[in-house]
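Residues per chain, in single letters:
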Amino acid sequence: GPAPAAPPPAAPPPVAPLPAAPPPSASPLSAGPLRSWLASLETDGGGRYGRYAAAFAAHFDSLADLLLGEEDVGVEAILDACSVTAIGDRARLRRAIASLRPEGKPLLPIGPP
């Protein structure tokens, strides 16, 4: 006769929801200054640069981290990682990141003093 039917596969266990992210701190090194900095680039109040805030905050905790990243991987890699594709946005952000550094100096000394 026919072989007995195999038992149905067990249902996978329910997936636990991820814990909620902690609330952002009020520290000046939080993503707040990143958002403010991006908002300061607006020319028409249209929120053009604010749309990048989440992407920048996902990669950097502060403007200081942004400068470290710029030193480490370069501004083009940062713009790519943050999905900045519009040429005008890239140009303005490239200049804005460069202007964060006083007199174009590296954030950390490189090599012997």
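Here the structure is shown first, and the text comes after it.
Summary of the structure given here.

Criteria and cut-off values
Residues numbered from 1 in each chain as written. Predicted model: local features only at pLDDT ≥ 70, side-chain atom pairs only at ≥ 80, totals over all residues. Heavy atoms only, no water. Helix = DSSP H or I, 4+ residues; strand = E, 2+ residues; numbered from the N terminus. Buried < 20%, exposed > 50% of the residue type's maximum accessible area, 1.4 Å probe, protein only. Contact = heavy atoms within 4.5 Å. Polar contact = N/O pair within 3.5 Å; in protein donor to acceptor, adjacent residues only side chain to side chain. Core = buried A, V, L, I, M, F, W, Y, C linked by side-chain atoms within 4.5 Å.

## Description of the overall build of the chain
Thinking step 1. Per the secondary structure count, the chain includes five helices and zero strands.
Thinking step 2. Helices and strands appear in the chain in the N-to-C order α-α-α-α-α.
Thinking step 3. Relative to its full complement of 113 residues, the chain shows a buried share of 23%.
Thinking step 4. Of the contacts made within the chain by residues no fewer than 6 positions apart, 60% connect residues no fewer than 24 positions apart.

## Looking at the side chain of Glu 42
Thinking step 1. Note on placement: Glu 42 falls in the loop between helix H1 (31-40) and helix H2 (53-59).
Thinking step 2. At 3.4 Å, the side chain of Glu 42 forms a polar contact with the backbone nitrogen of Gly 47.
Thinking step 3. A polar contact is formed between the side chain of Glu 42 and the backbone nitrogen of Gly 50, at a distance of 3.2 Å.
Thinking step 4. Those residues within four positions of Glu 42 in sequence are excluded, and the remaining contacts are Gly 47, Arg 48, Tyr 49 and Gly 50.

## Here's the deal with unusual backbone geometry
Thinking step 1. Unusually for a residue other than glycine, Ser 83 sits at a positive phi of about 60 degrees.
Thinking step 2. On the secondary structure map, Ser 83 appears in the loop between helix H4 (75-81) and helix H5 (87-100).
Thinking step 3. When its relative accessible area of 51% is taken as the criterion, Ser 83 is described as exposed.

## Notes on the nonpolar core
Thinking step 1. Formed by 18 residues in total, the largest nonpolar core has its most connected members in Trp 37, Leu 38, Phe 56, Phe 60, Leu 66, Val 84 and Leu 93.
Thinking step 2. Breaking this core down by element, the ones donating at least two residues are H1, H2, H4 and H5.
Thinking step 3. The contact partners of Leu 66, leaving out residues within four places of it in the chain, are Leu 34, Trp 37, Phe 56, Phe 60, Ile 78, Ile 97 and Leu 100.

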